[in-house]
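Fold and geometry: a report
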Amino acid sequence: FLAGLASILIVPIAPLFLQMLLPDSERINTITGLMTALASAATTGTAIYFGRLGDRVGHRRVLTASAILAGLFYLPQAFVTQAWQLLLLQALTGAAAGGIITTLSASLAGYTQNGSEGSVFGLDNSVFAASRAIAPLIGAAVASWFGFRPAFFIAGLIYIGIAVIAIWRLPRMPDARDPSPAV
């Protein structure tokens, strides 16, 4: 839920925030689309690598590191003064998010008993869809109450929260290949 929430939180405010950074630009929608495309392409580009890395070193480790990186790349977005800075940080956040999405799916597969995969992945998809429905409402509310910049900060904190939860609450995979320490 948190991974979907953090990734979509700024969607409703991104064009308005970019308009604040580029007040004279007529290409706000193009730049917003480019920002989304860069983040999505980076996520796609790193997902396979992080999935394979998780198979070797443990998905819990990759999830934790990816969530920390995503949070660290998201936090400075609250302080950008140029559109190119936001585009670069969104691409870096997207690259880190590739590790989150991949390892969450791999972890679900590892924790799921044979014969229950369909229901578990169906429930996962429902939870992710719910987060994507609620995230724009939360992002818009935060921006309305506190301004645009705090919404980026909150998204970064959510990613760091994912890392904290993974460290403290995610049990070791039942697969013997996962060298992550048991919690």
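Below: a short report on this structure. Since the structure is predicted, the reported quantities are computational estimates derived from the model, not experimental observations. (Residues numbered from 1 in each chain as written. Predicted model: local features only at pLDDT ≥ 70, side-chain atom pairs only at ≥ 80, totals over all residues. Heavy atoms only, no water.)

If you tally the helices and strands in the protein, you get seven helices and zero strands. Its C-alpha radius of gyration of 17 Å places the protein within 12% of the 16 Å reference for a compact globule of 183 residues. Referenced to the eigenvectors of the C-alpha coordinate spread, the extents of the protein come out at roughly 55 × 25 × 25 Å. When each of the 183 residues of the protein is scored for burial, the buried share is 41%. Considering only intrachain contacts with a sequence separation of at least 6, the fraction spanning at least 24 residues in the protein is 78%. Total accessible area on the protein stands at roughly 9600 Å², and carbon and sulfur atoms take up 67% of it. Measuring between centres, the 10 positive side-chain charges of the protein sit 7 Å from its 7 negative side-chain charges. (Helix = DSSP H or I, 4+ residues; strand = E, 2+ residues; numbered from the N terminus. Rg over C-alpha atoms; globule rule 2.2 N^0.38 Å. Buried < 20%, exposed > 50% of the residue type's maximum accessible area, 1.4 Å probe, protein only. Contact = heavy atoms within 4.5 Å. Areas by Shrake-Rupley, 256 points an atom, 1.4 Å probe, with all protein chains shown as cover. Lys, Arg positive; Asp, Glu negative; His and termini not counted. Charge placed at Lys NZ, Arg CZ, Asp CG, Glu CD.)

Okay, a nonpolar patch on the surface next. There is a patch of nonpolar side chains on the surface, built from F1, L123, V127, I134 and I138 and spanning about 400 Å² of accessible area. Mapped onto the secondary structure, F1 falls in the segment before α1 (2–8). (Patch = residues over 30% accessible without salt bridge, like charges linked within 9 Å, V, L, I, M, F, W, Y side chains within 5 Å. Salt bridge = Lys/Arg side-chain N within 4 Å of Asp/Glu carboxyl O.)

Right, let's talk about the packing of aromatic side chains for a bit. Enumeration over the complete set of coordinates arrives at six aromatic pairs. Ring centres of W145 and F146 lie 6.4 Å apart, and the angle between their planes is 80 degrees; this geometry places the pair in the edge-to-face category. Since its relative accessible area comes to 64%, W145 is described here as exposed. When its relative accessible area of 58% is taken as the criterion, F146 is described as exposed. (Phe/Tyr/Trp six-rings, centres within 6.5 Å; stacked < 30°, edge-to-face > 60°.)

Of all hydrophobic cores here, the largest spans 39 residues; its most connected members are I10, L18, L86, I100, F152 and Y159. The set of elements that each furnish at least two residues to this core consists of α1, α2 (14–21), α3 (28–57), α4 (59–74), α5 (83–111), α6 (117–146) and α7 (148–169). Of all the elements, α7 adds the most residues to this core, at eight residues. (Core = buried A, V, L, I, M, F, W, Y, C linked by side-chain atoms within 4.5 Å.)

A word on the side chain of Q90. Counting through the fold element by element, Q90 comes out in helix α5. With relative accessibility at 8%, the residue Q90 sits in the buried group. At 2.5 Å, the side chain of Q90 forms a polar contact with the side chain of Q77. (Polar contact = N/O pair within 3.5 Å; in protein donor to acceptor, adjacent residues only side chain to side chain.)

On to the packing of α2 against α3, then. At a minimum axis distance of 9 Å, the contact between α2 and α3 shows a crossing angle of 120 degrees. One finds that α2 runs oblique with respect to α3. Crossing handedness for the pair α2 and α3: right-handed. Contacts between α2 and α3 involve A14, P15, L18 and Q19 on the former and, on the latter, I28, I31, T32 and M35. Its residues assigned to classes, the contact of α2 with α3 shows six nonpolar, two polar and no charged. (Axes fitted to C-alpha atoms, helices over the stretch in contact; angles between N-to-C directions. Parallel < 35°, antiparallel > 145°, perpendicular 65-115°, else oblique. Left-handed = near helix turned anticlockwise from the far one by under 90°. Nonpolar A, V, L, I, M, F, W, Y, C, P; charged D, E, K, R; others polar.)

For α3, built from 30 residues, the straight-helix expectation of 44 Å at 1.5 Å per residue is met to within 8% by its first-to-last C-alpha distance of 42 Å. A47 marks where α3 bends most, by close to 35 degrees. Buried within α3 we find I28, I31, T32, M35, A39, A42, T43, T46, F50, G51, L53 and G54. Among the structural elements, α2, α4 and α5 are those in contact with the buried residues of α3. (Expected span 1.5 Å × (residues − 1). Bend = angle between axes of the 7 residues up to and from the residue.)

This part takes up the environment of A143. Structurally, the position occupied by A143 is in helix α6. Taking the C-alpha atoms as reference points, A143 and W168, separated by 25 residues in sequence, lie 31 Å from one another. Those residues within four positions of A143 in sequence are excluded, and the remaining contacts are I13 and F148.

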